[in-house]
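# Structural overview
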Amino acid sequence: MEQQQQLAAILGPDPAPFEALVSHLMASANDQRSQAEALFNLCRDRHPEILGLRLGQLLHSSAHQEIRAMSAVLLRKQLTSGGELWPRLPPSTQSDLKSLLLASVQREEVKSISKKLCDTVSELASLLLPESAWPELLPFMFQSVTSDSPRLQESALLIFSQLAQYIGDILLPHLSTLHSVFLNCLSSATAAPDVRIAALGAAINFIQCLPSSSDRDRFQDLLPAMMRTLTEALNSGQEVTAQEALELLIELAGTEPKFLRRQLADVVGSMLQIAEADSLEEGTRHLAVEFVITLAEARERAPGMMRRLPQFIGRLFAVLMKMLLDIEDDQAWHSAESEDEDAGETSNYGMGQECLDRLSIALGGNTIVPVASELLPPFLAAPEWQKHHAALITLAQIAEGCSKVMIKNLEQVVSMVLNSFQDPHPRVRWAAINAIGQLSTDLGPDLQNQYHHCVLPALASAMDDFQNPRVQASVAQAHAASAVLNFTENCTPEILTRYLDGLVSKLLVLLQNGKQMVQEAALTALASVADSSQEHFQKYYDAVMPYLKSILMTATDKSKRMLRAKSMECISLVGMAVGKDKFRDDAKQVMDVLMTLQGSQLETDDPTISYMLQAWARLCKCLGQDFLPYMSVVMPSLLQSAQLKPDVTITSADSDDDIDESDDESIETITLGDKRIGIKTSVLEEKATACNMLCCYADELKEGFYPWIDQVAPTLVPLLKFYFHEEVRKAAVSAMPELLCSAKLAVEKGQAQGRDESYIKQLSDYIIPALVEALHKEPETEICVSMLDSLNECIQISGPLLGEAQVRCIVDEIKHVITASTTRKRERAERTKAEDFDAEEGELLREENEQEEEVFDQIGECLGALIKTFKVSFLPFFDELSMFLTPMWGKDKTAEERRIAICIFDDVAEQCREAALKYYDTYIPFLLEACNDENADVRQAAVYGIGVCAEFGGSVFRPLVGEALSRLNVIIRHPDALQSDNLMAYDNAVSALGKICQFHRDSIDAAQVLFFLILADCGELCVRTTGHGLPHSRKRQRNFTPKNGATLGPSSNFHPNSLRMGASSKKVINGLLLGNTDSKWSSFWHEVIPAWLSCLPIKGDLIEAKVVHEQLCSMVERSDRDILGPNNQYLPKIVSVFTELLCAGKDLATEQTSSRIVSILRQLQQTLPPAVLASTWSSLQPQQQLALQSVLSS
């Protein structure tokens, strides 16, 4: 009843109660504000007409600024932002409100309220103008923008600016008028600064929203006036206005950099003048630098454009290096207790660091390294320590973007840094060690492999610098600053082993140092050294572990939380390195301490939580199934961390209330549209760590993880679409097949508490559709690759449990992925047509396209898994996919795409056999052509397919045997066939030849025999070699023309003596020409079989090797006369091959095949005449004879 009375008063004729209601909505007291919100919502629901008008009237007439401002915000939200108030208003009220809004625009004098009012008008206009429902608005705006009132001009321009993003196309008919308006406002010498800034913002918004480059070109003549807005503001000392202009121009540089191209030199030159002007505020100079960096980073929209201005790149680089000089030798740095202490560093210094990194990544080493090479030596030769420091920081900052070029100049880079290890100033020594740490990451493993003999002794020596604990710490600081950690991360155990004595002993000394920062650093370095040296660290275990356990047990003060956390990290990594047997005795003691900590009430910001999550997982990796008893302790808190909700704060982008970052440095803010979003990254990092650990447990424990699947799956599956943090998504993606595998193994081994295969299907039905849906929405190509990889594994695990609807879902998504990838590649191809496109940009595009090849590779794996699982049942889906796959065979596609397309058909032919014969006419011509491909991987896939078709193609393949033989012969006989790049193709060609021998020997006609023999002996007539040493076969005609012009045909006058060939080949040809069919087959196989045998054993493709050698074994077991040869003349070669296979162990033959070979050899020993046996044995090499004797006597 009381609420009804309040409502009646609010809606009554007296405006005061309604104004009080709006005031209470801003109250700081929760109760008062909540009560006001309830009344306001009641008004909205029951009396929308009165509510809208009252808000409009307050906005127009209230004497209180805060009421007018709040009314503008409320009205905007109710009318446009989901409030749905406008459609509920009668036309008369709508008309009154529109009039009130325009009258308020004319009347409002306060700038902040005027901006909120313009927002309301703009958003309402975006709804009404497309329906021609506010005809008064555009005339009002054009009248306002040409009025004498600067405030009204600014308001009109603000509305135009916002309308551009909402309904730019509706304003296209007014483009000429708008152009004149913007030009006049920007050029007017009498225009107020706020008006010029508003005009600048409106012009830039329109330029961004115009649909065509020709429309944007009509605004080109505005650019000088736009720049004058900036320069005149600076010249008149209005730096706040200049900074507003710079922010707007930075937005233009990021979204439409090509608009600046025609006047690029003038624009960039002006910006560098601002950046170089020491008299200006730092903020102004930083924005000018940001403009140029943004242009450099706009690769996708203007590839290579900034590299056309090398003189400006040099000037910008010099500005950034000068910023690094703005550092003080603050005493606080020398006495710092934490490595994060940045005493003496200024905002200039931070800006210089960040921008050097961004610039080098954007432009690449070919552009940056020549500039750096010119500027760094004078800095290093100067007497000031700040310049030495700046040079070293510069090297560290540009290494990531310039790594390929810097690796070519490693000696110069390394000497430049190591020379500074002895600098008299401690901050320079620190910078040198920091640089080595960064270079170890960015230039590794080349740096480690080539210069370990220089760097590691220098680092060891630096650890003796007891004059400055800060320098000691930097040697072993985690990740970014730890030179030891970074260097050893890319070090092989073989390299590291020789330095372990010195490194470990010095780190143990530091571990006992009283300064906590040094102890923490030593722990991190020891952990990395152990991780990199693996079992080689066992030698030091007994000396190191007591110190580590002591720290774990005694570092209990709050001030030592990080020290204890790092001891956990170090212990767990040492345990993994030395292995379970060595670590077992200490492991229980360590885990008891961790269990105690796990059960204690740790503060939310305690680093122990995150470090302990990772330590438990490493201990699990080390102990394997022995870790299972501890899972009940580990899992509750781990699941709790994985289920953390993102700590997100959302405010209006133009709100005066900044997101509070004072209490936590881990809060990051991003602006999306009109919203500012603050995210607490520490929460996300803990969540990501927990998700990764869950994946590790499932992977390591297999069926032992089964009891937790029902809790983990509902936690991780929704995180496949967790867009706040990539690492969370990656961990969830990786866990999907691990969960399925764990469930399947538990069911198979009877450890699933009575559950059967239906449980696996239930889990699969939950995981796979979610994975497919997440793949459809995934914005990052790298994660798409991971999702396809996981999907492939899930298909293999679930197998036939997948229903037709799921297969349909997967196939449809594969079509989408192919289309999306093709679109991305086409867009990149368009970038190559840009007028500034250069070689460096081409290299960057190639790297981006390599990721697309990984996408196609995983598509091939997924389709292969589906084909192997469903065989003939999958063919209807294959028919659908053909239109997506057939273009991948084209010469315009990458080698990887061609290879994948071939592999998919190979799988179809192999798995579907007779049902796949209908595809041979379409696909085998592609296979035959691909046998000549320049890429060895493509050739391998093609000849493998030839072998499959020979095995299963029957009569359909028979007409193609001759052509297939010729293509195989080209590969097998090529002089570079056995080089490493070509070896896999060679092995598969040998295998395919063997299958033709086995399955088609009786269906080869005389012409095919002649063709093969001529090719075999006269390869130079039909084979040419490209500049790359790769084989190509010329197009072969039905009639072969030898050197003398003779033809082969029914009435041929051809004589075999006209060709250079072996005597046996001539004999076969003579027999064929004379119609001597008795000699036809025997002579032919006497020619082909030894050719095939001469290629054995094959040793490159270990999978195919087992197949081929099993085939040879079977042929010998059948006493195949062709394989043994006349009078067993091929027997010595066969015995030699068998002996070599037995010596190779399990690599080249399966255990079953090896056993059969031993049986064959023993049978030969018992059945062959002694003379034949002796002759066969004597043909072997001495080592082979010894091996054979050993096998036969065992």
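Residues numbered from 1 in each chain as written. Predicted model: local features only at pLDDT ≥ 70, side-chain atom pairs only at ≥ 80, totals over all residues. Heavy atoms only, no water.

For the rest of this paragraph, the subject is the overall build of the protein chain. Helix and strand content of the protein chain: 59 helices and 5 strands. Here the protein chain holds 1194 residues, and the buried ones make up 56% of them. Put simply, 72% of the contacts in the protein chain that link residues at least 6 apart link residues at least 24 apart. For the protein chain, the accessible surface area stands at approximately 51,000 Å², while carbon and sulfur atoms represent 49% of it. (Helix = DSSP H or I, 4+ residues; strand = E, 2+ residues; numbered from the N terminus. Buried < 20%, exposed > 50% of the residue type's maximum accessible area, 1.4 Å probe, protein only. Contact = heavy atoms within 4.5 Å. Areas by Shrake-Rupley, 256 points an atom, 1.4 Å probe, with all protein chains shown as cover.)

Another aspect to go through is the environment of Gly-1125. Mapped onto the fold, Gly-1125 is located in the loop between α55 (1121-1124) and α56 (1131-1143). Gly-1125 sits in the buried class, given a relative accessible area of 10%. Separated by 35 residues in sequence, Gly-1125 and Pro-1090 have C-alpha atoms that sit 8.6 Å apart.

Here the focus is the pattern of salt bridges. Tallied over the entire structure, the rule returns 57 salt bridges. With a shortest N-O distance of 3.1 Å, Lys-539 and Asp-501 are connected by a salt bridge. With Lys-539 in helix α31 (residues 538-554) and Asp-501 in helix α29 (residues 500-511), this pair connects stretches of sequence that are 38 residues apart. The exposure class assigned to Lys-539 is exposed, which follows from its relative accessible area of 60%. One salt bridge in this structure joins Arg-824 and Glu-852, with 2.7 Å as the shortest N-O distance. One end of the pair, Arg-824, is in helix α41 (residues 804-831); the other, Glu-852, is in helix α42 (residues 839-870), and 28 residues separate them in sequence. Here Arg-824 falls in the partly exposed class, since its relative accessible area comes to 24%. The exposure class assigned to Glu-852 is buried, which follows from its relative accessible area of 0%. (Salt bridge = Lys/Arg side-chain N within 4 Å of Asp/Glu carboxyl O.)

Turning next to the nonpolar core. A general trend in soluble globular proteins is that nonpolar side chains are found buried together. In this structure, Met-226, Phe-627, Tyr-697, Phe-705 and Phe-874 are the most contacted members of the largest nonpolar core, which totals 385 residues. A per-element tally of this core places helix α38 (residues 726-748) first, with 11 residues. Look past the residues within four positions of Met-226 in its chain and what remains in contact with it is Leu-186, Leu-200, Ile-204, Ile-207, Leu-249, Leu-252 and Phe-259. (Core = buried A, V, L, I, M, F, W, Y, C linked by side-chain atoms within 4.5 Å.)

A separate point is the environment of Asp-838. Note on placement: Asp-838 falls in the loop between α41 and α42. Using a relative accessible area of 18% as the deciding quantity, one classes Asp-838 as buried. Spatially, the C-alpha atoms of Asp-838 and Arg-307 are 8.6 Å apart, while their sequence positions differ by 531 residues. Apart from the residues lying within four places of it in its own chain, the contact partners of Asp-838 are Gly-304 and Arg-307.

A cis amide bond links Gly-444 to the next residue, Pro-445, at an omega of 0°. Residue Pro-1097 is bonded to the preceding Leu-1096 through a cis peptide linkage, with omega at -5°. Along the chain, the position of Pro-1097 falls in the loop between α53 (1077-1093) and α54 (1102-1117). Backbone geometry places Ser-132, a non-glycine residue, at a positive phi of 55°. Tracing the backbone through its elements, the reader meets Ser-132 in the loop between α7 (111-128) and α8 (137-145). Judged by its relative accessible area of 63%, Ser-132 is exposed.

The next thing to look at is the environment of Cys-949. You can see Cys-949 is positioned in helix α46 (residues 936-952). For Cys-949, a relative accessible area of 0% translates into the label buried. Excluding anything up to four places from it in sequence, Cys-949 contacts Phe-905, Ala-909, Tyr-920, Ile-924, Leu-927, Gly-954 and Phe-957.

With 7 of its 9 residues buried, α8 lies for the most part within the structure. Restricting attention to buried positions, one finds in α8 the residues Leu-137, Leu-138, Phe-140, Met-141, Phe-142, Ser-144 and Val-145.

Bringing helix α59 (residues 1182-1193) into the picture now. Each turn of an α-helix holds 3.6 residues, which means side chains three or four residues apart point in the same direction. Helix length check: α59, at 12 residues, gives a terminal C-alpha distance of 17 Å against a target of 16 Å (1.5 Å per residue), a fit within 8%. Here α59 has its buried residues at Gln-1184, Ala-1187, Leu-1188 and Leu-1192. Along the axis of α59, the buried positions cluster into a sector of 125°, meaning they face one direction only. The exposed residues of α59 that point more than 90 degrees off its buried face are Pro-1182, Gln-1183, Leu-1186 and Ser-1193. If you follow the buried residues of α59, they end up packed against α56, α57 (1151-1167) and α58 (1170-1178). (Expected span 1.5 Å × (residues − 1). Arc of directions from axis to C-beta.)

Further remarks concern the UniProt feature "repeat: HEAT" (unreviewed entry) in the protein chain. If you check UniProt for "repeat: HEAT" (unreviewed entry), the listed places come out as residues 413-451 in our numbering. Between the first and last C-alpha atoms of residues 413-451 the distance is 11 Å; the span itself is 74% helix and 0% strand. (UniProt positions renumbered as here; feature names shortened; annotations may be inferred.)

Attention shifts here to the packing of aromatic side chains. In the structure shown here, the tally under the stated rule is 19 aromatic pairs. Their ring planes at 50° and their centres at 5.6 Å tell us that Phe-182 and Phe-206 sit as a pair that is tilted. Residue Phe-182 is located in helix α10 (residues 175-187), and its partner Phe-206 is located in helix α11 (residues 193-209); the two are separated by 24 residues in the primary sequence. Accessibility assignment for this pair places Phe-182 and Phe-206 in one class, buried. Ring centres of Phe-878 and Tyr-919 lie 5.1 Å apart, and the angle between their planes is 85°; on these two criteria the pair is classed as edge-to-face. In this pair, Phe-878 sits in helix α43 (residues 875-885) while Tyr-919 sits in the loop between α44 (895-912) and α45 (920-930), placing the two residues 41 residues apart along the sequence. A relative accessible area of 2% places Phe-878 in the buried class. What makes Tyr-919 buried here is its relative accessible area of 8%. Site record: aromatic cluster; members linked through ring pairs are Phe-878, Trp-889, Phe-905, Tyr-919, Tyr-920, Tyr-923 and Phe-926. (Phe/Tyr/Trp six-rings, centres within 6.5 Å; stacked < 30°, edge-to-face > 60°.)

Relative orientation of the contacting elements helix α40 (residues 781-798) and α42 amounts to 15°, with a least axis distance of 9 Å. Taken as axis vectors, α40 and α42 run roughly parallel relative to one another. Here the hand of the crossing between α40 and α42 comes out left-handed. When α40 is examined against α42, the residues Thr-781, Glu-782, Val-785, Leu-788, Asp-789, Leu-791, Asn-792, Ile-795 and Gln-796 are found in contact with a partner set consisting of Gln-851, Glu-852, Glu-854, Val-855, Gln-858, Ile-859, Glu-861, Cys-862, Ala-865, Leu-866 and Thr-869. Tallied by class, the residues present in the contact of α40 with α42 amount to 9 nonpolar, 6 polar and 5 charged. (Axes fitted to C-alpha atoms, helices over the stretch in contact; angles between N-to-C directions. Parallel < 35°, antiparallel > 145°, perpendicular 65-115°, else oblique. Left-handed = near helix turned anticlockwise from the far one by under 90°. Nonpolar A, V, L, I, M, F, W, Y, C, P; charged D, E, K, R; others polar.)

Residue placement: His-388 occurs in helix α21 (residues 385-398). On the basis of relative accessibility, which here comes to 13%, the residue His-388 falls in the buried class. At 3.1 Å, the side chain of His-388 forms a polar contact with the backbone oxygen of Leu-380. For His-388, the contacting residues outside a window of four places in its chain are Phe-379, Leu-380, Ala-381, Ala-382, Asp-423 and Val-428. (Polar contact = N/O pair within 3.5 Å; in protein donor to acceptor, adjacent residues only side chain to side chain.)

Counting all residues, the mean pLDDT for the protein chain is 85, and 88% of those residues have values of 70 or more. Scored below 50 in pLDDT, residues 472-481 makes 44 contacts in the model with residues more than four places away or belonging to other chains. The low-confidence segment residues 1014-1062, where pLDDT is below 50, has 87 contacts with residues more than four positions distant or belonging to other chains. (pLDDT = per-residue confidence, 0-100.)

The subject of this paragraph is the state of the cysteines. Taken as a whole and judged by the stated rule, the model has 0 disulfides. The structure places no disulfide on Cys-862, whose sulfur is separated from the nearest cysteine sulfur, that of Cys-794, by 9.4 Å. (Disulfide = S-S within 2.5 Å.)

Mapped onto the fold, Gln-94 is located in helix α6 (residues 91-107). We classify Gln-94 as buried; its relative accessible area is 18%. Excluding residues that lie within four positions of it along the chain, Gln-94 makes contacts with Trp-86, Pro-87 and Leu-89.

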